[in-house]
Amino acid sequence: MQNVKKIVLAYSGGLDTSAIIPWLKENYDCEVVAFAADVGQGDEELEGLHEKAIASGASECHIVDLKEEFVREYIYPTIKTGAVYEGEYLLGTSMARPVIAKAQVEIALKVGADALCHGCTGKGNDQVRFESTFAALAPQLTVIAPWREWDMVSREDLLAYLAERNIETTASATKIYSRDANAWHISHEGGELEDPWQEPTKQIWTMTVDPEDAPDAPERVTLSFNEGELTHVDGEALSPYQALVKLNTVAAAHGVGRIDIVENRLVGMKSRGCYEIPGGTVMLKAYKALETMVLDKAALKYREQIGLEFSHVMYDGRWFTALNDALLAGAESFAKKVTGDIVVKLYKGQATVTQRRSPNSLYSEDFATFGADDVYDQKHAEGFIRLFSLSSRISALKNQG
């Protein structure tokens, strides 16, 4: 074991991190400081966390409110890129990791720690996301990952370990699912979901109403953006976090935002997960609808390329990199035009854009109309098409010859 004196642990109060505190003290003979991030996972997740950490052996427990920073500095910039990983995943866990890991580093430097610790498994993406942030912000600190060191392999092992030390835990061996929640989403893995042929049962979903049980009447919500920033919901000025909370409440009631996917993890394996992203689904759909009003064909195509690349940058934990900065700067330049209002209809699991307007709109009814107009001479299209298809014409003539 490496010689460290004080370790800051990313602590959730769950089974894994409850066992990690005594394990670190026993195996590293060091002081353990617990750090917990409030990224909007819910008050019930944070209740009693300080007392639980101390009871497990931590010398201190720091709970840091990151909700507004998370939405403002990580979610909003990601929305501007349009990033969606592998066409479906809206990056909920991925977006939260850099803000959490950054705050963990800040606590470590504040308390004079010489090591950082996380409870991520060696099979997942999060170990990469945490440790890439640690490397970028505090490469001098030692990183400890117990799941890559200890010989415990199951929940039963962890429960037995805590029981031997008379450390109480609310966890049990019957827990079926692994869940991760924050202001943007909640994810579900494990249990029946490990069989991709098994349809998710009702007990999987915890945030959204079943679309089949959603209200029979649709509800409309208006989102107002200013230079890419969501500023108002239904005319009410709200902070980034407040806006997301309101949209979560409204959209979840209509069953909006459920996805069930098999994704490629960074470490090489595929995993199946179910995600609930009600407010985020509405927010992203509205943003992209407004983009179609204000960006021309070439600009929108390039923004889409930024989104595709950025989805992998975010998913792979490369937030604190030069590539990340460049992609965000490109997206931000396009976002300067994204000002206006979007109306989204929520109904039985669907979020449908029905109205759109912007002072920067490039849409012109005078040009687009199917009726008579005085601004577009249709005869001009013939020359355009001949030039646009000239290379094909030359190739065909050459082949005929």
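Shown above is the structure to which this text applies.
As the structure is a prediction and not an experimental result, all values here were calculated from the model.

Rules used throughout
- Residues numbered from 1 in each chain as written.
- Predicted model: local features only at pLDDT ≥ 70, side-chain atom pairs only at ≥ 80, totals over all residues.
- Heavy atoms only, no water.
- Helix = DSSP H or I, 4+ residues; strand = E, 2+ residues; numbered from the N terminus.
- Expected span 1.5 Å × (residues − 1).
- Bend = angle between axes of the 7 residues up to and from the residue.
- Buried < 20%, exposed > 50% of the residue type's maximum accessible area, 1.4 Å probe, protein only.
- Core = buried A, V, L, I, M, F, W, Y, C linked by side-chain atoms within 4.5 Å.
- Contact = heavy atoms within 4.5 Å.
- 1 Å grid on protein atoms, 1.4 Å probe; cavity = no way out; pocket = protein on both sides within 12 Å on 5 of 7 lines; lining within 4 Å.
- Points joined across faces, edges and corners; volume = space filled by probe spheres on them.
- Nonpolar A, V, L, I, M, F, W, Y, C, P; charged D, E, K, R; others polar.
- Pairing = 2+ DSSP bridges.

Chemist: Now, about helix H4 (residues 67-81): what can you tell me, with residues and values included?
Modeler: The terminal C-alpha atoms of H4 lie 21 Å apart, and with 15 residues this matches the ideal 21 Å at 1.5 Å per residue to within 8%. The sharpest bend along H4 reaches about 30° and sits at Ile 75, with the proline Pro 77 one to four residues further on. For H4, the tally of buried residues reaches eleven of 15 residues, placing the bulk of the element in the interior. For H4, the complete set of buried residues consists of Lys 67, Phe 70, Val 71, Tyr 74, Ile 75, Tyr 76, Pro 77, Thr 78, Ile 79, Lys 80 and Thr 81. Following H4 by one or two positions, Gly 82 has its phi on the positive side, about 75°.

Chemist: Explain the nonpolar core residue by residue, including any values.
Modeler: In this structure, Val 282 and Val 344 are the most contacted members of the largest nonpolar core, which totals 84 residues. Excluding residues that lie within four positions of it along the chain, Val 282 makes contacts with Val 221, Leu 223, Leu 247, Ala 251, Val 256, Val 344, Leu 346 and Ala 351. Residues Val 4, Ile 21, Ala 53 and Trp 150 belong to the second largest nonpolar core, which totals 30 residues.

Chemist: Please provide a residue-by-residue account of the layout of surface pockets, values included.
Modeler: Size it by volume and the second largest pocket reaches roughly 320 Å³. Forming the boundary of the second largest pocket are 16 residues, of which Glu 88, Leu 90, Ile 259, Thr 281 and Lys 285 lie nearest the centre. With four residues, helix H9 (residues 278-294) is the single largest residue contributor to the lining of the second largest pocket. Partitioning the lining of the second largest pocket into residue classes produces seven nonpolar, five polar and four charged.

Chemist: Could you give me a rundown of unusual backbone geometry, with the residues and numbers involved?
Modeler: One non-glycine residue, Asp 29, lies in the positive phi region at around 50°. Locating Asp 29 in the fold gives a position in the loop between helix H1 (15-28) and strand S2 (31-38). In this model, Glu 86 sits at a positive phi of 50°, which is unusual for a non-glycine residue. Among the secondary structure elements, Glu 86 is positioned in the loop between H4 and helix H5 (92-111).

Chemist: Before we move on, could you go through the sheet that holds strand S8 (residues 219-226) and cite the residues and values that matter?
Modeler: Sheets are built from strands paired through backbone hydrogen bonds, the pairs being either parallel or antiparallel. Reading across the sheet, the five strands line up as S10-S9-S8-S13-S14 and stay open at both edges, with antiparallel pairing between neighbours. If you trace the sheet from one side to the other, it starts and ends with strand S10 (236-237) and strand S14 (350-357), each paired once. Strand direction decides the pairing type here: S8 and strand S9 (residues 229-233), joined by four bridges, are antiparallel. When the sheet's bridge partners are listed, Leu 223 is paired in S9 with Val 233.

Honestly, it's all geometry; don't read function into it.
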